[in-house]
Amino acid sequence: MKRVISLFLATIFISVLFSSCSLPVEEISNITKLEFAFDMSPMTMEAGKTKTGYIRVKATGDFAENDIKFVSSDPTVATFSYDKTVNNLVYYEINALRSGETTVYAQTLDGNIKTTELSVQVKGYIYDIVSYEDISVARAKRMRLRVTAKEEYINSMDDATITDMMKYITTQYASSHKVNAVFAFLYYEGDDTSGGFTVASCTYAPYGKVEKAVDVKAGDYSTFDFDITVNSMDKRDLYRQPE
């Protein structure tokens, strides 16, 4: 009899132990459908611009903003974030940051319900040209641009992306001005921009050589190429001077 009681008590103990260690039941979302409320053709944006829209939500009950996750496959190109909720419409913002492509979509936290994916192509970069310096010589129109951008923004880029940014800055200027050469110096916002560059420099000139500028007609970019230097993080810190 004692043995039967002991086995009974052991069975109860094991049952209680397993029930206390069981995993919590995952909460089930009330959301049954998520859909963008506009044409899903690829979207093109300029860096620094924001576009808004909304997602239609179908649900069997109440839902909250925290029930939906907003995803950008490359948030360094464009971010995708929640804005507000009006009834069954969830508004969002797409903020374009730099040239490139990303895909944005929204989904429930468990990933079971998801919108279609929206392709976003961003053109350009976010920067300020703080000064234009005419450094022309007798036979060549030459301009130097001193450019700043936020430190966090620049540091989110690798050297290849900064190189592309410098190409963009110089070619954008050349496209609307007839010159023999363009130079650009890139600084962190808040740096002293009167001296040498802290982040990167770019020469856009015939064959990438400033001395060749006198050999071409201003506005003829057929032989133009780039000579670009991107400083390492250590050198940027070394060369930085506050305003």
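Refer to the structure presented above.
Residues numbered from 1 in each chain as written. Predicted model: local features only at pLDDT ≥ 70, side-chain atom pairs only at ≥ 80, totals over all residues. Heavy atoms only, no water.

## Concerning the overall build of the chain
Reasoning step 1: A tally of helices and strands in the chain yields 4 helices and 13 strands.
Reasoning step 2: Among the 243 residues that make up the chain, the fraction classed as buried is 34%.
Reasoning step 3: Restricting to contacts in the chain with at least 6 residues of sequence separation, those with at least 24 account for 62%.
Reasoning step 4: Of the roughly 14300 Å² that the chain leaves accessible, carbon and sulfur atoms contribute 51%. (Helix = DSSP H or I, 4+ residues; strand = E, 2+ residues; numbered from the N terminus. Buried < 20%, exposed > 50% of the residue type's maximum accessible area, 1.4 Å probe, protein only. Contact = heavy atoms within 4.5 Å. Areas by Shrake-Rupley, 256 points an atom, 1.4 Å probe, with all protein chains shown as cover.)

## Comments concerning the sheet that holds strand E11 (residues 181–188)
Reasoning step 1: Strand order in this open sheet of 5 strands is E9-E10-E11-E12-E13, and the pairing throughout is mixed. This sheet does not close on itself; its edge strands, each paired only once, are strand E9 (128–134) and strand E13 (224–230). Each neighbouring strand pair of the sheet contributes to a mean axis angle of 15°, computed without reference to strand direction. (Pairing = 2+ DSSP bridges. Axes fitted to C-alpha atoms, helices over the stretch in contact; angles between N-to-C directions.)

## So, the side chain of Thr170
Reasoning step 1: Along the chain, Thr170 falls in helix H3 (residues 159–175).
Reasoning step 2: Residue Thr170 is classed as buried on the basis of its relative accessible area of 0%.
Reasoning step 3: When neighbours within four sequence positions are excluded, Thr170 is seen to be in contact with Val182, Ala184, Cys202, Tyr204 and Phe226.

## Details of unusual backbone geometry
Reasoning step 1: A positive phi angle is found at Asn87, which is not glycine, with a value near 55°.
Reasoning step 2: Checked against the element boundaries, Asn87 lands in the loop between strand E5 (78–86) and strand E6 (89–96).
Reasoning step 3: Backbone geometry at Tyr207 places phi at a positive 60°, although glycine is not the residue there.
Reasoning step 4: Checked against the element boundaries, Tyr207 lands in the loop between strand E12 (200–206) and E13.

## Re the pairing of strand E3 (residues 50–59)
Reasoning step 1: Judged from the 5 bridges that link them, strand E1 (residues 31–36) and E3 form a sheet pairing that is antiparallel. Note that in E3 the partner of Ile31 across the bridge is Ala59.
Reasoning step 2: In this sheet, E6 lies alongside E3 in antiparallel orientation, the contact comprising 7 bridges. Pairing of Tyr54 across the sheet is with Tyr91, part of E6.

## Examining the environment of Arg146
Reasoning step 1: Checked against the element boundaries, Arg146 lands in strand E10 (residues 142–149).
Reasoning step 2: For the pair Arg146 and Tyr132, spaced 14 residues apart in sequence, the C-alpha to C-alpha distance is 6.7 Å.
Reasoning step 3: When residues no more than four places from it in sequence are discounted, the contact partners of Arg146 are Asp128, Ile129, Val130, Ser131, Glu133, Phe185, Tyr187, Thr193, Ser194 and Gly195.
Reasoning step 4: A distance of 2.3 Å separates polar atoms of two side chains, one belonging to Arg146 and the other to Glu133. (Polar contact = N/O pair within 3.5 Å; in protein donor to acceptor, adjacent residues only side chain to side chain.)

## Let's talk about the packing of aromatic side chains
Reasoning step 1: This model, assessed by the stated rule, comprises 15 aromatic pairs.
Reasoning step 2: Seen in terms of ring centroids, Phe36 and Tyr92 are 5.7 Å apart; in terms of plane orientation they differ by 85°. Their pairing is edge-to-face. Taken as a pair, Phe36 in strand E1 and Tyr92 in strand E6 lie far apart in primary sequence, 56 residues in all.
Reasoning step 3: With relative accessibility at 8%, the residue Phe36 sits in the buried group.
Reasoning step 4: Look at Tyr92 and you get buried, because its relative accessible area is 1%.
Reasoning step 5: Plain terms: the ring middles of Phe185 and Phe197 are 5.7 Å apart, the flat faces sit at 55° to each other, and that makes the pair tilted. (Phe/Tyr/Trp six-rings, centres within 6.5 Å; stacked < 30°, edge-to-face > 60°.)

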